Amino acid sequence: MKLLEDRIKKEGTVLSDDVLKVDRFLNHQVDPQLMDAIGVEFARLFKDDHITRILTVESSGIAPAVFTGLHLNVPVVFARKHKSLTLNDNLYTADVYSYTKQVNNQISIDKRFINADDRVLIIDDFLANGQAASGLIDIVNAANAEVGGVGIVIEKSFQKGRRLITDQGIKVESLARVKSLANNQVTFEE
Ligand code: 5GP
């Protein structure tokens, strides 16, 4: 997606050979117009996949997921990373190792918000080693629902996340595929 690649080039910061910071439009400040364009693009890519619900994880997945839900006309659910007093025991949970924070998080979703007849589109901001997406896939499986696809805003294709998901026969669509962050430069796949 050219618009997104241009923004990454212009406003992204390479923190290391493995980590890209995009807090000017996605991870802290959020650009609603760009998120809307992202939602339109994911809706186009998954329009024939019979999606009934979108699943993401707080917090940075929420913005692109909500705009995708708007354009696919389906509800959006985000997994929570922290237990809250208002989350009851009726939960699906999965353990996810956080790539950026390097800690294990337990993510959870109230069982009322995912059903066995759902075809779920998983959306996230980044794909690195695939831990977040795998945790969400585990939750969909635990609910006896189906994964209809995985939509990623920024994939780092030099890491192993895509393979982990496609090996399970799941469709993955990424809007920007970063081939390398070496030498403080963002290089995209052709
Ligand atoms: P994975 O679970 O695929 O290893 O990593 C994906 C998750 O880690 C995403 O939800 C995202 O929050 C975070 N993440 C991974 N790589 C990056 C990165 O280069 N930049 C930022 N900002 N977040 C990342």
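From a predicted model like this one, the values you see are computed outputs, not experimental measurements.

(A) Structural context of the site of the ligand. Taken together, 16 residues surround the ligand, and among them Leu20, Asn129, Gly130, Ala132 and Lys156 come closest. Here an oxygen atom of the ligand and a side-chain polar atom of Asp124 are 2.8 Å apart. Measuring from an oxygen atom of the ligand, one finds a side-chain N or O atom of Asp125 at 3.1 Å. When each cavity is represented as a set of grid points, the ligand is found to reside in the largest pocket.

(B) Just the packing of aromatic side chains, in detail. Evaluated as defined, the whole model comprises one aromatic pair. Ring plane angle 40° and centroid distance 6.4 Å describe the contact between Phe42 and Phe46, whose orientation is recorded as tilted. Accessibility expressed as a relative area gives 0% for Phe42, which makes it buried.

(C) Region of interest: the sheet that holds strand S7 (residues 119-127). Across the sheet, six strands lie side by side as S4-S3-S7-S8-S9-S10; this open sheet has mixed pairing. Of all strands in the sheet, those bounded by a partner on one side alone are strand S4 (76-79) and strand S10 (187-188). Of the strand pairs in this sheet, S7 and strand S8 (residues 146-156) are connected by eight bridges, and their pairing is parallel. Within the sheet, the bridge partner assigned to Leu127 lies in S8 and is Glu155. The strands touched by helix H1 (residues 2-11) within the sheet are S8, strand S9 (172-180) and S10, with S9 carrying the most contacts at an inclination of about 35°. The strands touched by helix H2 (residues 32-45) within the sheet are S7, S8 and S9, with S9 carrying the most contacts at an inclination of about 115°.

(D) Fine view of the UniProt feature "binding site: 5-phospho-alpha-D-ribose 1-diphosphate" (unreviewed entry) in the chain. Here, UniProt's "binding site: 5-phospho-alpha-D-ribose 1-diphosphate" (unreviewed entry) annotation points to Ala128, Asn129, Gly130, Gln131 and Ala132. When only the residues just named are considered, the largest pocket is lined by Ala128, Asn129, Gly130, Gln131 and Ala132. With respect to the secondary-structure elements, Asn129 resides in the loop between S7 and helix H4 (131-142). Those residues in contact with Asn129, other than ones at most four positions away along the chain, are Tyr99, Gln159, Lys160, Gly161 and Leu164.

(E) Up close: the layout of surface pockets. Space inside the largest pocket adds up to approximately 830 Å³. Along its surface, the largest pocket is lined by 33 residues, and Lys81, Ser98, Thr100, Lys101 and Asp125 are the ones closest to its centre. When residues of the lining of the largest pocket are traced back to their parent elements, those giving at least two are strand S2 (20-21), strand S5 (91-97), strand S6 (104-110), S7 and H4. The element best represented in the lining of the largest pocket is S7, accounting for four residues. Split into classes, the residues belonging to the lining of the largest pocket amount to 14 nonpolar, 11 polar and eight charged.

(F) The arrangement of the pattern of salt bridges in detail. As enumerated under the stated definition, the model contains 13 salt bridges in all. The salt bridge partner of Arg7 is Asp31, with a shortest N-O separation of 2.7 Å. Here Arg7 is found in helix H1, whereas its partner Asp31 is found in the loop between S2 and H2, with 24 residues between them in sequence. Like Arg7, the residue Asp31 is buried in the burial classification. Taking the shortest distance from any N to any O, the salt bridge between Arg44 and Glu41 comes out at 2.9 Å.

(G) Quick peek at the nonpolar core. Within the largest apolar cluster, 31 residues are counted, with the highest numbers of intra-cluster contacts made by Leu4, Ile8, Leu20 and Ile154. For this core, the elements supplying multiple residues, two or more each, are H1, H2, helix H3 (62-72), S7, S8 and S9. Top contributing element to this core by residue count: H2, with six residues. In terms of nonpolar packing, the next biggest core, distinct from the first, is built from 26 residues, Leu55, Ala79, Val147 and Ile152 among them.

Calculation rules
- Residues numbered from 1 in each chain as written.
- Predicted model: local features only at pLDDT ≥ 70, side-chain atom pairs only at ≥ 80, totals over all residues.
- Heavy atoms only, no water.
- Near = heavy atom within 4 Å.
- Polar contact = N/O pair within 3.5 Å; in protein donor to acceptor, adjacent residues only side chain to side chain.
- 1 Å grid on protein atoms, 1.4 Å probe; cavity = no way out; pocket = protein on both sides within 12 Å on 5 of 7 lines; lining within 4 Å.
- Sits in = over half its atoms within 2 Å of the grid points.
- Phe/Tyr/Trp six-rings, centres within 6.5 Å; stacked < 30°, edge-to-face > 60°.
- Buried < 20%, exposed > 50% of the residue type's maximum accessible area, 1.4 Å probe, protein only.
- Pairing = 2+ DSSP bridges.
- Helix = DSSP H or I, 4+ residues; strand = E, 2+ residues; numbered from the N terminus.
- Contact = heavy atoms within 4.5 Å.
- Axes fitted to C-alpha atoms, helices over the stretch in contact; angles between N-to-C directions.
- UniProt positions renumbered as here; feature names shortened; annotations may be inferred.
- Points joined across faces, edges and corners; volume = space filled by probe spheres on them.
- Nonpolar A, V, L, I, M, F, W, Y, C, P; charged D, E, K, R; others polar.
- Salt bridge = Lys/Arg side-chain N within 4 Å of Asp/Glu carboxyl O.
- Core = buried A, V, L, I, M, F, W, Y, C linked by side-chain atoms within 4.5 Å.

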